[in-house]
Amino acid sequence: VRQGAPAQLVREEVGAEVLEMRTDASRAAALAAAASDRHLIGGDVVMAFGDSAHDMRVRADGSGVAYEMVAERRATLEDLFIVLTGHSLREGAPG
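Residues numbered from 1 in each chain as written. Predicted model: local features only at pLDDT ≥ 70, side-chain atom pairs only at ≥ 80, totals over all residues. Heavy atoms only, no water.

1. Overview of the pattern of salt bridges
Here is step 1: Summed over the entire model, instances satisfying the criterion amount to five salt bridges.
Here is step 2: Across the pair aspartate 44 and arginine 22 runs a salt bridge whose closest N-O atoms are separated by 3.1 Å. Taken together, the positions of aspartate 44 in the loop between strand E2 (38-42) and strand E3 (45-50) and arginine 22 in strand E1 (residues 17-22) put the pair 22 residues apart, joining distant regions of the chain.
Here is step 3: Classification of arginine 22 by relative accessible area gives partly exposed; the value is 35%.
Here is step 4: Its salt-bridge partner being arginine 73, residue aspartate 79 comes within 2.7 Å of it at the nearest N-O pair.
Here is step 5: Overall, arginine 73 belongs to the partly exposed group, its relative accessible area being 25%.
Here is step 6: Salt bridges sharing common partners tie together Glu20, Arg73 and Asp79. (Salt bridge = Lys/Arg side-chain N within 4 Å of Asp/Glu carboxyl O. Helix = DSSP H or I, 4+ residues; strand = E, 2+ residues; numbered from the N terminus. Buried < 20%, exposed > 50% of the residue type's maximum accessible area, 1.4 Å probe, protein only.)

Here it is as structure tokens:
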């Protein structure tokens, strides 16, 4: 069980930002590893977590793996839930 202010827990466990990308499922692991040490893969969707989505995108661009940008956003409590449980709050969503 984790304790603390929600924003603090998100920062500590997830990071400040999330980069969501779509790629061929066979290349997802390579893209995820290039983008961030903290990531989740759900089929062809990669969710990379860190302090700067821009920096993660630069690393993803340098990986040589083709991908489609899905979202670049602030990390949320839902991301924390996904990281801690490996499950999405919404049925059918990546995670």
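2. Structural notes on the nonpolar core
What tends to happen in soluble globular proteins is that the nonpolar side chains get buried as a cluster.
Here is step 1: Ranked by size, the top nonpolar core spans 12 residues in total: Leu19, Met21, Ala28, Leu31, Ala32, Ala35, Val46, Ala48, Ala53, Met56, Ala60 and Val65.
Here is step 2: For this core, the secondary-structure elements that each account for two or more residues are E1, helix H2 (28-35), E3 and helix H3 (53-61).
Here is step 3: Looking at which element gives the most residues to this core, the answer is H2, with four residues.
Here is step 4: The contacts of methionine 21, once residues within four sequence positions are left out, are Leu31, Ala35, Asp44, Val45, Val46, Ala48, Ala60, Tyr67, Glu68 and Val70.
Here is step 5: One finds Val10, Val18, Met47 and Phe49 within the second-largest nonpolar core, a separate group that totals 10 residues. (Core = buried A, V, L, I, M, F, W, Y, C linked by side-chain atoms within 4.5 Å. Contact = heavy atoms within 4.5 Å.)

3. Some points on the sheet that holds E3
Here is step 1: Read across the open sheet, the four strands follow the order E2-E3-E1-E4; overall the sheet is antiparallel. Only two strands of the sheet have a single partner each, and these edge strands are E2 and strand E4 (68-74). Pairs of neighbouring strands in the sheet enclose a mean axial angle of 15°, with direction left out of account.
Here is step 2: Of the strand pairs in this sheet, E2 and E3 are connected by five bridges, and their pairing is antiparallel. Paired with isoleucine 41 across the two strands is valine 46, which belongs to E3. (Pairing = 2+ DSSP bridges. Axes fitted to C-alpha atoms, helices over the stretch in contact; angles between N-to-C directions.)

4. Here we look at the side chain of threonine 23
Here is step 1: Residue placement: threonine 23 occurs in the loop between E1 and H2.
Here is step 2: With residues near it in sequence (within four places) discarded, threonine 23 still touches Ala28, Leu31, Asp44, Val46, Val65, Ala66 and Tyr67.

5. A few points about the packing of H2 against H3
Here is step 1: One way to put it is that H2 packs onto H3 with a least axis distance of 7 Å and a crossing angle of 135°. When the axis of H2 is compared with that of H3, the two are oblique. The two elements H2 and H3 meet at a crossing, and its hand is right-handed. Every residue of H3 that contacts H2 at Leu31, Ala34 and Ala35 is listed here: Met56, Arg59 and Ala60.
Here is step 2: A per-class count over the contact of H2 with H3 returns five nonpolar, no polar and one charged. (Parallel < 35°, antiparallel > 145°, perpendicular 65-115°, else oblique. Left-handed = near helix turned anticlockwise from the far one by under 90°. Nonpolar A, V, L, I, M, F, W, Y, C, P; charged D, E, K, R; others polar.)

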